[in-house]
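# Secondary and tertiary structure notes
Spelled out, the chains give:
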Amino acid sequence: MILFVNMIEFQKACPLPDSGIKPEMNIYEKFGVPTLINATGTVTRLGGSLMEEAVLDAMKEASRFSVSIEELQNAASRIISNKTGTEAGIVTSGASAGLTLGTASLIAGMNLEKISRIPALPDIPEILVAHNQRNSYDRAITLAGAKLVNVGIDDIHSGAGVRGVELWEYGLEKTEYCVGVLYTLGDRFNEKELTSVVKWAHQNDLAVLVDAAASLPPYENLKGIPETGADLVFYSGGKAIGGPQSTGILCGKKHLVSSALLQMLDWDEHYNLWDPVEGLLDKQQIHALPRHGIGRGMKVSKEAIIGLLKALELFTPESIEKKRSRFLSQLNQIRENLESFVAQAELMEPENDYPVLNLYLNTDKEAANALQLCARLRSGNPRVFVGHGRLKENILQINPVCMREGDEKEVIRRIKEELEG
Ligand SMILES: *Cc1c(COP(=O)(O)O)cnc(C)c1O
């Protein structure tokens with residue numbers, strides 16, 4: 001019989017079966033999923049924003065207690081309204097969910113019958129939208145049972161003329177079923193245009209929903225967009241704010257925010273026992289509790305709500321500046337190292353947004369076909385996902401917003417490797 005003097009000798013003699021799990025693996029690798037370098041931006045498909053330690057700590061602490069979600073959303077409302085200059089606000093499970101809940105609030109308000117029927121309403125409610133603002137996210141509006149009605153003609157976009165969609169054209173499509181206007185902000189917030197749409201809508205008893213999901217930074221937009229008088233504004237929590245990827249903000253007029261919350265909460269409760277704190281929901285306004293509303297499947301966990309609130313607290317002009325300089329330094333390193341491998345490396349520094357780097361590829365080189373290069377970068381080691389919005393022009397874009405410190409070195413190495421090879 002052999003006696004082992006210590007554990008190390010014992011393990012050498014009797015090795016455990018190899019689990020394949022190595023101590024240096026990250027949590028995803030331990031579950032068999034390779035991680036990747038995201039140089040594309042806060043895209044949902046690649047997991048969205050990377051949260052700061054302070055946000056993660058807050059979420060961890062939030063997980064240790066039970067809390068009333070209704071009370072937590074009331075507290076969130078005070079914080080959001082303060083930061084956005086609105087009457088009220090709640091945390092939703094993304095800007096998309098916000099669009100659905102916001103539409104539901106325009107349709108139903110506090111009307112229990114309508115809340116119960118959404119999305120199958122006898123008279124289909126209509127939401128007007130300038131047809132050049134139609135986009136893949138507006139599906140969220142129709143999810144609440146509304147129909148999107150395209151407004152206007154855009155000759156500038158089609159190249160057929162000099163005029164885009166004009167304000168008077170909204171009136172052409174307005175019917176008795178209309179409840180609101182959807183306004184989607186692109187990269188640029190045109191304050192004058194949105195203000196005039198809001199003015200027209202209010203003169204016509206319609207509310208305005210503003211999809212501002214990706215309209216931060218600049219920081220000023222947090223207050224500037226609601227200041228136009230828009231009734232509800234939606235921001236993503238998982239983009240520039242740096243909150244959990246599955247969060248968003250719905251903010252604006254209190255009666256609409258209240259309706260959105262009513263249609264999102266879990267109502268497996270007795271009316272007589274329900275004791276709302278003063279805030280978004282008023283027992284006087286609701287003679288019975290609704291069944292679970294359209295938003296029940298869009299619930300937000302207490303951890304996610306706290307994570308968003310903490311991220312929102314940390315989202316300041318100073319933190320944006322700090323990030324901007326880190327991103328600039330990363331992009332400059334990439335530019336300096338790759339300049340001689342591409343036709344042009346152009347650093348874009350928009351005044352109000354984070355910088356991006358455009359790499360114009362040499363079109364004469366086989367290795368530089370943008371689509372194929374993009375694919376090879378995705379399948380290499382490590383996997384690198386670069387911005388793919390301008391591949392047709394043979395441009396790779398490097399967006400630093402979801403890059404970790406040090407990722408720039410791998411981006412340089414991998415692109416060099418592919419262009420040399
Ligand atoms: C990202 C985005 C959304 C969706 O936001 P989520 O928070 O991911 O739900 C909606 N609209 C626009 C314009 C966006 O850019």
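So, a few notes on the structure that sits alongside this text. Keep in mind that this is a model prediction, so the values were computed, not measured. Per chain, the residues get numbers from 1 upward, laid out in the order the sequence is written. Restriction of local features to residues with pLDDT of at least 70 applies here, the model being predicted, together with a cutoff of 80 or more for giving and counting side-chain atom pairs; totals for whole chains, interfaces and linings are based on all residues. The side-chain figures draw on all heavy atoms in the structure; neither hydrogens nor water molecules are used.

### Quick notes on the layout of surface pockets
Regions of empty space are outlined by a rolling probe, equal in size to a water molecule, passed over the atoms. The calculated volume of the second largest pocket comes to roughly 1400 Å³. Any residue with an atom within 4 Å of a point lines the site, the site being either a cavity, points on a 1 Å grid over the protein atoms alone where a 1.4 Å probe fits but cannot get out, or a pocket, an open set with protein on both sides within 12 Å along at least 5 of 7 lines. Around the second largest pocket sit 40 residues that line it, and Ser49, Leu50, Met51, Cys402 and Arg404 are the ones nearest its centre. Under the scheme used here, helices are H or I runs from DSSP no shorter than 4 residues and strands are E runs no shorter than 2 residues, and both carry numbers assigned from the N terminus. For the lining of the second largest pocket, the secondary structure elements donating two or more residues are α2 (27–30), β1 (36–39), α3 (53–62) and α14 (317–338). Residue composition of the lining of the second largest pocket, by class: 18 nonpolar, 10 polar and 12 charged. Grid points are joined across faces, edges and corners, and a volume is the space filled by probe spheres set on the points. All amino acids are sorted into three groups, where Ala, Val, Leu, Ile, Met, Phe, Trp, Tyr, Cys and Pro are nonpolar, Asp, Glu, Lys and Arg are charged, and the leftover types, Gly among them, are polar.

### A few points about helix α4 (residues 69–84)
Take the number of residues in a helix, subtract one, and multiply by 1.5 Å to get its expected span. Between its first and last C-alpha atoms α4 spans 21 Å; for 16 residues at 1.5 Å apiece the expected length is 22 Å, and the two agree. Looking one or two residues past α4, Gly85 carries a phi angle of roughly 70°, positive in sign.

### Things to note about the site of the ligand
Proximity is defined per residue: if any heavy atom of the residue lies within 4 Å of a molecule or strand, that residue is considered near it. Close to the ligand lie Thr44, Gly94, Ala95, Ser96, Tyr137, Asp211, Ala213, Ala214, Ser236 and Lys239, which account for all nearby residues. Think of a polar contact as two N or O atoms within 3.5 Å of one another; within protein, one of them needs to be a possible hydrogen donor and the other a possible acceptor, and neighboring residues in sequence only count if both atoms come from side chains. Contact between the ligand and Ala95: an oxygen atom at 2.8 Å from a main-chain N or O atom of the residue. Take Lys239: an N or O atom from its side chain is 2.8 Å from an oxygen atom of the ligand. Coverage of the ligand by the protein amounts to 86% of the 380 Å² it exposes when considered alone. All accessible areas in this document rest on Shrake-Rupley with a 1.4 Å probe, and a residue is counted as covered only by the protein chains that are shown.

### A few points about empty space enclosed by the protein
The tally for this structure, following the rule as stated, stands at one cavity of 30 Å³ or more. A volume near 90 Å³ is recorded for the largest cavity. When residues of the lining of the largest cavity are traced back to their parent elements, those giving at least two are α13 (302–314) and α14. Classifying every residue of the lining of the largest cavity by side-chain character gives seven nonpolar, two polar and two charged.

### Remarks on the sheet that holds strand β12 (residues 395–398)
Being paired, for any two strands, means DSSP has found at least two bridges between them. With respect to topology, three strands assemble into an open sheet ordered β9-β10-β12, the strand pairing being antiparallel. Bordering the open sheet on either side are β9 (344–348) and β12, each of which pairs with just one other strand. On average, each strand axis in the sheet is tilted by 20° relative to the strand beside it, whichever way the strands run. Here the axes come from fitting lines to C-alpha atoms, over the contacting stretch only for helices, and the angles between their N-to-C directions go from 0 to 180 degrees.

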